[in-house]
Amino acid sequence: LVLVSDTPCCLTPGHNSRELIAMHADMATPVLCAWRGGANGRELRMRKHTLQTLLPHPNVYRQIPEDCLASFADALREKRESVPEYAKVAFQAAYATAVQAARASCRATVSYASVLDLQGVGIRSCAGDQHFSADGVIKLLACFEEDSDDLMKHGLLLVCDNWGVLHAPCAKSRCQLFMRGLV
């Protein structure tokens, strides 16, 4: 994969692009970034990465065929650690929402749900889409006004799938969290 830029610095694929590429390419795929730099701004510069160095923790389901998904997820669920006591209510809410979304989809696919448990506000949950966890997190954040102090309260954000496996928020969600000053 080659990325060429006319900027005076190295540009790598953005987070959303990295996740999309990882769904279709091997993590050892070389990513060559080229740009013009140097004292006169005309010197060709290059930096070589791998997709693994740019996206060290990709979605675990990214390249699992649909007919193998359930058995893979079941095996993954068996390996998970138990949920800490303080997160059990939020986890159960996320898991129940993800299971409900999976039943509604009528396909053997991954359904994600996000839960935001804010001190003094309560638990809110929302199902995401089938490919990434973004929709649920972003929909939850949209429930709060931009200037709301509620999001600044101590809380817990969980992203769970319909097999009870916890996930990190995807790039789109992390960007929204960062833009709101929540990470």
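Residues numbered from 1 in each chain as written. Predicted model: local features only at pLDDT ≥ 70, side-chain atom pairs only at ≥ 80, totals over all residues. Heavy atoms only, no water.

Q: Describe the nonpolar core, and please don't skip the residues or the numbers.
A: In this structure, Tyr61, Leu69, Ala73, Val110, Tyr112, Val137, Leu141, Val159, Trp163, Val165 and Leu177 together form the largest nonpolar core, which totals 11 residues. Mapped onto this core, the elements with two or more residues apiece are helix H3 (66-79) and helix H5 (134-142). Listed in part, the nine residues of the second largest apolar core include Ala87, Ala90, Val115 and Cys160. (Core = buried A, V, L, I, M, F, W, Y, C linked by side-chain atoms within 4.5 Å. Buried < 20%, exposed > 50% of the residue type's maximum accessible area, 1.4 Å probe, protein only. Helix = DSSP H or I, 4+ residues; strand = E, 2+ residues; numbered from the N terminus.)

Q: Pulling in residues and values, what's your account of the packing of aromatic side chains?
A: All told, the structure shown has three aromatic pairs when counted by the stated rule. Look at Tyr61 and Trp163: their rings are 6.2 Å apart centre to centre, the planes differ by 55 degrees, and that puts the pair in the tilted class. Here Trp163 lies in the loop between strand S6 (155-161) and strand S7 (166-167) and Tyr61 lies in the loop between helix H2 (51-54) and H3, a separation of 102 residues in the sequence. Exposure remark for Tyr61: the relative accessible area of 7% places this residue in the buried category. Summarising the aromatic geometry, the rings of Phe91 and Tyr95 are spaced 6.0 Å apart at their centres and angled 0 degrees between planes, so their arrangement reads as stacked. Separated by four residues within a single helix, Phe91 and Tyr95 lie in helix H4 (residues 88-105), roughly one turn from each other. With relative accessibility at 6%, the residue Phe91 sits in the buried group. (Phe/Tyr/Trp six-rings, centres within 6.5 Å; stacked < 30°, edge-to-face > 60°.)

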